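Residues per chain are reported as follows:
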Amino acid sequence: QVQLVESGGGLVQPGGSLRVSCVASGSIFSVNAMGWYRQAPGKQRELVADITSGGRTNYADSVKGRFTISRDNHKNTVYLQMNSLKPEDTAVYYCNAKIYTLSPRGLYDYWGQGTQVTVSS
């Protein structure tokens, strides 16, 4: 069994900062790409940022220059530092990881339960 557990969401004022974290645990052989998605009410889930095991990053245009994704491979943890937050960043943020397990053997997509980020004055 593999679990992704997010933490760090909350309420922040426009222009503020927040950092969310996600830890992968369980029967993990290796963790490939990790990323963050978000879903606002009435909208589809969208990619915010992702990062390969080698550290290569990719960002949605809407967050470039404001958000930074990073990871600690030893801790199977991915972070999303969010600066200059805007009301339109309000959403449930989901962690995603592509994890290779031995039982069952293969590469699988795993999701966290989501953490609410609300940007409001």
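Residues numbered from 1 in each chain as written. Predicted model: local features only at pLDDT ≥ 70, side-chain atom pairs only at ≥ 80, totals over all residues. Heavy atoms only, no water.

### Brief notes about the sheet that holds strand β7 (residues 67-72)
Rules: Any two strands with at least two DSSP-identified bridges between them are counted as paired. The secondary structure listing takes helices from DSSP runs of H or I that are at least 4 residues long and strands from runs of E that are at least 2 residues long, numbered from the N terminus. The axes are straight lines fitted to the C-alpha atoms, using for helices just the contacting stretch, and the angles between their N-to-C directions are given from 0 to 180°.
Spatially, the 4 strands line up as an open sheet ordered β1-β3-β8-β7, and their pairing is antiparallel. In this open sheet, the two edge strands, each paired with only one partner strand, are β1 (2-7) and β7. Strand-to-strand twist of the sheet, defined as the mean angle between neighbouring strand axes without regard to direction, takes the value 15°. Sheet analysis places strand β3 (residues 18-26) next to strand β8 (residues 77-82), joined by 6 bridges and oriented antiparallel. Directly across from V23, in β8, lies its bridge partner T77.

### Section: the packing of aromatic side chains
Applied cut-off: In this analysis, rings of Phe, Tyr and Trp, with Trp reduced to its six-membered ring, are considered paired at centre separations within 6.5 Å, and the interplanar angle assigns stacked below 30 degrees, edge-to-face beyond 60, and tilted for intermediate values. Accessible area is worked out with a 1.4 Å probe on protein chains only. A residue is then buried under 20% of its type maximum, exposed over 50%, and partly exposed in between. Placement of a charge over a ring requires the Lys NZ or Arg CZ to be within 6 Å of the ring centre, with the centre-to-atom vector within 35 degrees of the ring normal.
Tallied over the full model, the rule gives 2 aromatic pairs. When the ring of F29 is compared with that of Y100, the centres are 5.8 Å apart and the planes differ by 65°; the resulting orientation is edge-to-face. Taken together, the residues span a long stretch of sequence, with F29 in the loop between β3 and β4 (30-39) and Y100 in strand β9 (residues 91-102) at a distance of 71 residues. The exposure class of F29 is exposed, given its relative accessible area of 55%. Centroid distance Y37 to W111: 5.0 Å. Interplanar angle 65°. Geometry classified as edge-to-face. Taken together, the residues span a long stretch of sequence, with Y37 in strand β4 and W111 in strand β10 (residues 105-111) at a distance of 74 residues. R45 extends its terminal NZ or CZ atom over the ring of Y94, reaching a point 3.7 Å from the ring centre. When the ring centre of W111 is taken as origin, the NZ or CZ atom of R45, which lies over that ring, is 4.8 Å away.

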